[in-house]
Amino acid sequence: MHPVQIRGPRLALREFTAADTDTDALQGIFGDPETVLHLPFGTRDRATCEQLVAGYLKDAATTPRTAYALAVERRDTGEVVGTAYLWTSGEHAGVIGYALHRGSWGRGLGSETVHLLCALGFRGLGRHRLTADREPLNEASGRVLEKAGFTVEGYARENVLVDGEWHDSVRHALLEYEWQPPEGITLAEA
Ligand SMILES: CC(C)(COP(=O)(O)OP(=O)(O)OC[C@H]1O[C@@H](n2cnc3c(N)ncnc32)[C@H](O)[C@@H]1OP(=O)(O)O)[C@@H](O)C(=O)NCCC(=O)NCCS
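Residues numbered from 1 in each chain as written. Predicted model: local features only at pLDDT ≥ 70, side-chain atom pairs only at ≥ 80, totals over all residues. Heavy atoms only, no water.

Focus: the overall build of the protein
The condition is simple: What counts as a helix is a DSSP run of H or I of at least four residues, what counts as a strand is a run of E of at least two, and both are numbered from the N terminus. Between two residues, a contact is recorded if the distance between any of their heavy atoms is within 4.5 Å. Surface accessibility in these figures is a Shrake-Rupley result with a 1.4 Å probe; residues are shielded only by whichever protein chains are displayed. Neither His nor the chain termini are counted; the positive set is Lys and Arg, and the negative set is Asp and Glu. All charge positions are set by atom: Lys at NZ, Arg at CZ, Asp at CG, Glu at CD.
Secondary structure summary: the protein contains 4 helices and 9 strands in total. Listed N to C, the secondary structure of the protein is β-β-α-α-β-β-β-α-β-α-β-β-β in terms of helices and strands. Each principal axis of the C-alpha distribution contributes one length, and for the protein these read about 40 × 40 × 35 Å. Nonlocal contacts in the protein, meaning residues at least 24 apart in sequence, comprise 61% of its contacts between residues at least 6 apart. Accessible area for the protein stands at about 9800 Å²; split by element, carbon and sulfur atoms hold 49% of it. In the protein, which carries 19 positive and 27 negative side-chain charges, the distance between the mean positions of the two groups comes to 4 Å.

Shown next as structure tokens:
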């Protein structure tokens, strides 16, 4: 599926572009120590973000497409405030991930982002099951998933290696028929 264009009440998911502004926005997110605190990598510099965007564009053009790295855009201003990911897993499942610019936290935009990813996974890609793994201390992410209807299925022990240290993950999952989409989500191939 390419290009992806999904709109919610306040946000839209769209493909990344090679424009400098998209790379700047990504670096504004991944360059912040607090934002990456619970992610399995450290802060990322501009050159790394440029490489990441190049990889996203390559993934988007691959058939069959298995990786969706999308810009999270504010619909009113067009500003990129986050990044959202879906990786297909086998025939029927998908794994999601997301990060928002710190200046946008605490206003319900994380929850809307998760719903937009659910629209992509369930409606757009016909997935039966979506999962998200988070660091046990990442309570904001746990809350966002809980609010979107995800259930904790358990702990994956020593699942992620960060700087030579093993970290557990909490695994959350949502099934297609459990998802209760909020009003105002539309999905279109632009
Ligand atoms: C996780 C993240 C996307 C949440 O975005 P957000 O826009 O703040 O999310 P929302 O406003 O929709 O909801 C956040 C919820 O978490 C709660 N919360 C925030 N910090 C919390 C904390 N330290 N402990 C417990 N709950 C917390 C908020 O109160 C809110 O719940 P409420 O609506 O019941 O009050 C954002 O914090 C982020 O980008 N973090 C860095 C990247 C990241 O960790 N990504 C997830 C990887 S698994």
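Let's pick the thread back up.
Focus: the pattern of salt bridges
As a working rule, side chains carrying opposite charge can pair if their charged atoms are close by. Note the threshold: Criterion for a salt bridge: a side-chain nitrogen of Lys or Arg within 4 Å of a carboxyl oxygen of Asp or Glu. Each residue is placed in one exposure class: buried if its accessible area under a 1.4 Å probe, protein chains only, is under 20% of its type's maximum, exposed if it is over 50%, and partly exposed if it falls in between.
One pass over the full model with this rule turns up 13 salt bridges. A salt bridge links Asp 20 to Arg 46, with the nearest nitrogen and oxygen atoms 3.8 Å apart. Of this pair, Asp 20 sits in helix 1 (residues 20-30) while Arg 46 is found in helix 2 (residues 46-60), placing the two residues 26 residues apart along the sequence. Classification of Asp 20 by relative accessible area gives exposed; the value is 54%. Across the pair Arg 46 and Glu 50 runs a salt bridge, and its minimum N-O distance is 2.9 Å. With Arg 46 and Glu 50 both in helix 2 and 4 residues apart, this pair spans about one turn of that helix. Taking the relative accessible area as the measure of exposure, Arg 46 reaches 25% and is therefore partly exposed.

Notes on the site of the ligand
What counts is decided by this rule: Here a residue is considered near a molecule or strand provided that any single heavy atom belonging to it is located within 4 Å of it. Within 3.5 Å is the distance limit for a polar contact, defined as a pair of N or O atoms, with the added protein rule that one can donate a hydrogen and the other accept it, and that residues adjacent in sequence qualify only through two side-chain atoms. We call Asp, Glu, Lys and Arg charged. Ala, Val, Leu, Ile, Met, Phe, Trp, Tyr, Cys and Pro are nonpolar, and the rest, Gly among them, are polar.
Around the ligand sit 22 residues in total, of which Tyr 98, Ser 111, Asn 138, Arg 143 and Lys 147 are the nearest. Here an oxygen atom of the ligand and a backbone polar atom of Gly 108 are 2.8 Å apart. Between the ligand and Glu 139, the relevant distance is 3.4 Å, taken from a nitrogen atom to a side-chain nitrogen or oxygen of the residue. Across the complex, the protein chains shield 71% of the 970 Å² of accessible surface that the ligand would expose by itself. Put simply, the parts of the chain that give the shell around the ligand at least two residues each are strand 5 (93-100), helix 3 (109-124), strand 6 (129-134) and helix 4 (139-147). Per element, the largest residue contribution to the shell around the ligand is 6 residues, and it comes from helix 4. A breakdown of the residues in the shell around the ligand according to their chemical character gives 8 nonpolar, 8 polar and 6 charged.

A short note on the packing of helix 3 against helix 4
This is how the line gets drawn: Axis definition: a line fitted to C-alpha atoms, over the contacting stretch in the case of helices. Angles run 0 to 180 degrees between N-to-C directions. Throughout, the term roughly parallel applies to angles under 35 degrees, roughly antiparallel to angles over 145, roughly perpendicular to angles from 65 to 115, and oblique to all others. Should the near helix be turned counterclockwise from the far one by less than a right angle, the crossing is left-handed, whereas a clockwise turn marks it as right-handed.
Where helix 3 meets helix 4, the axes come as close as 9 Å, and the angle between the chain directions of the two elements is 55 degrees. Considered as vectors, helix 3 and helix 4 are oriented oblique to each other. For the element pair helix 3 and helix 4, the recorded crossing hand is right-handed. Counted together, Gly 110, Ser 111 and Val 114 of helix 3 and Val 144, Leu 145 and Lys 147 of helix 4 form the full contact between these two elements. For the contact of helix 3 with helix 4, the per-class residue count stands at 3 nonpolar, 2 polar and 1 charged.

These results come straight from atomic positions and should not be treated as a statement about function.
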